[in-house]
Amino acid sequence: MDYDNRFEMIKYTEVNEIAFSISEFACQLSHIHHDMELDLVLEGAFLVRTNDELYEAGPGSILAFNPFKPHEFIGSGGACRVLTIYLRKRFCDRYFPVFRQLFFVYSRVMPEADGAMQEQLRQYLFQLGYHYYLEEFGFELQCYSDLNAVIYLLLRLMPYRIYDTNDRAAPNQYDARFQRVLCYIEENYRQKITLGEIARREQLSQSYLSHYIKKRLNMSFQEYVNILRFEYAVQLLVQTDKKLVDICMESGFSESKYFNKIFSRSYDMSPAQFRKLARGSWGKAVPDQARGSRVYLDRETCLGILRQYDTFCSSGDTKRTQP
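Only a predicted model underlies this, so the values are computations on that prediction, with no experimental measurement involved. (Residues numbered from 1 in each chain as written. Predicted model: local features only at pLDDT ≥ 70, side-chain atom pairs only at ≥ 80, totals over all residues. Heavy atoms only, no water.)

1. Quick look at the overall build of the protein chain
No. 1: Of regular secondary structure, the protein chain possesses ten helices and 13 strands.
No. 2: Counting only residues that meet the buried cut, the protein chain has 54% of its 323 residues in that class.
No. 3: Long-range contacts, defined as pairs at least 24 residues apart, comprise 70% of the intrachain contacts of the protein chain with a sequence gap of at least 6.
No. 4: Looking at the protein chain as shown, the accessible area adds up to about 15700 Å², and 50% of this sits on carbon and sulfur atoms. (Helix = DSSP H or I, 4+ residues; strand = E, 2+ residues; numbered from the N terminus. Buried < 20%, exposed > 50% of the residue type's maximum accessible area, 1.4 Å probe, protein only. Contact = heavy atoms within 4.5 Å. Areas by Shrake-Rupley, 256 points an atom, 1.4 Å probe, with all protein chains shown as cover.)

What follows is the structure in structure tokens.
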């Protein structure tokens, strides 16, 4: 099955390695991203299509997409509302490094999986989002705590495989070589990095590696490196007061002129305008035509939705009602 995959850039804010959103859409075009995606369907129903799966998701469905897993949401009529967590798999490197080599066999929690454990998982997803948006003092600690609980439950609800990064014969699209290449790029993209040096490390020809990366990511090596640099630069733009030229150098861009060009193409505004708009309004509801008219709801709307679910306790807000 062929895919015209779009690479989705995730917006990370206050909590490093975690991005949270509640969005509404009629459909979402096939896309990939280098983050892991967890979804909880709140309203509506839609077909989920990946390169090897096709199934229907409805209210209560829990989805988990490995990094670089193409997926598409096809609505069956009416708007769908989904709670989503994006996370970088390196978030638990210090205490559970094997997570980098772990991949789920399927992209959803099967309906027949333990019901009580599924409900517990949903509660943690709601709780994580609630603390993420409430932003009480120390909320980052609670978010990481909730995320660890989410991953722990997923490991008990979903079959998975662990690939050895030294095993050059590991199977399928998430093989060991692919992971080595991606990890090396992710760890070195902020400095000068070439396809040739990676090819030498893998004992491959440069032309073969170029084709290999293009086939897996549906984009060239340089395009992928630029996306990583761009994501990091945008993060610095919003979270720091650094000058644009310093942000470009720290992100790996050789000149600010090129960064300004791709920034204007992506956001239709200058970096300075974006910085001013983003502070205090990051995550506002904005339709994204390129992703199938997906609307990301703003903070207050998300909090209002999460308060409807009386599945967790918080000392910071007791005004919650039953759904």
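2. Digging into the pairing of strand E8 (residues 71-75)
No. 1: Inspection of the sheet shows strand E3 (residues 27-32) paired to E8 by three bridges, in the antiparallel sense. Note on E8: the bridge partner recorded for Cys27 is Ile74.
No. 2: Bridging between strand E5 (residues 46-50) and E8 involves five bridges; their strand directions are antiparallel. Bridge pairing in E8 places Thr50 opposite His71. (Pairing = 2+ DSSP bridges.)

3. Topic: the packing of helix H1 (residues 115-134) against helix H10 (residues 299-306)
No. 1: With their axes 10 Å apart at the nearest point, H1 and H10 run at an angle of 145° to one another. Seen along the crossing, H1 lies across H10 with a hand that is left-handed. For the pair H1 and H10, the contacting residues are Phe126, Gly129, Tyr130, Tyr133 and Leu134 in the first and Arg299, Cys302, Leu303 and Leu306 in the second.
No. 2: Considering only residue class, the contact of H1 with H10 consists of seven nonpolar, one polar and one charged. (Axes fitted to C-alpha atoms, helices over the stretch in contact; angles between N-to-C directions. Left-handed = near helix turned anticlockwise from the far one by under 90°. Nonpolar A, V, L, I, M, F, W, Y, C, P; charged D, E, K, R; others polar.)

4. A short note on the nonpolar core
No. 1: One finds Ile22, Leu83, Ile85, Leu87 and Leu154 to be the most contacted residues of the largest nonpolar core, which totals 44 residues.
No. 2: When contributions to this core are tallied by element, the ones reaching two or more residues are strand E2 (18-25), strand E4 (36-43), strand E7 (62-65), strand E9 (80-87), strand E10 (102-104), H1, helix H2 (139-157) and H10.
No. 3: The element best represented in this core is H2, accounting for nine residues.
No. 4: Of all hydrophobic cores here, the second largest spans 36 residues; its members include Ile32, Ile198, Leu209 and Met219. (Core = buried A, V, L, I, M, F, W, Y, C linked by side-chain atoms within 4.5 Å.)

5. Let's talk about the packing of aromatic side chains
No. 1: Under the criterion given, the structure shown has 16 aromatic pairs.
No. 2: Measuring from ring centre to ring centre gives 4.9 Å for Phe46 and Phe73, while their planes differ by 45°; the resulting arrangement is tilted. With Phe46 in strand E5 and Phe73 in strand E8, the pair connects residues that are 27 residues apart, well separated along the chain.
No. 3: What makes Phe46 buried here is its relative accessible area of 1%.
No. 4: For Phe73, a relative accessible area of 1% puts it in the buried group.
No. 5: Ring centres of Phe230 and Phe259 lie 5.7 Å apart, and the angle between their planes is 50°; this geometry places the pair in the tilted category. Taken together, the residues Phe230 in helix H6 (residues 221-239) and Phe259 in helix H8 (residues 256-267) connect sequence positions 29 residues apart.
No. 6: What makes Phe230 buried here is its relative accessible area of 7%. (Phe/Tyr/Trp six-rings, centres within 6.5 Å; stacked < 30°, edge-to-face > 60°.)

6. Considerations on helix H7 (residues 244-251)
No. 1: For H7, the complete set of buried residues consists of Ile247, Cys248 and Ser251. Taken around the axis of H7, the buried residues stretch over an arc of 100°, which confines them to a single face. (Arc of directions from axis to C-beta.)

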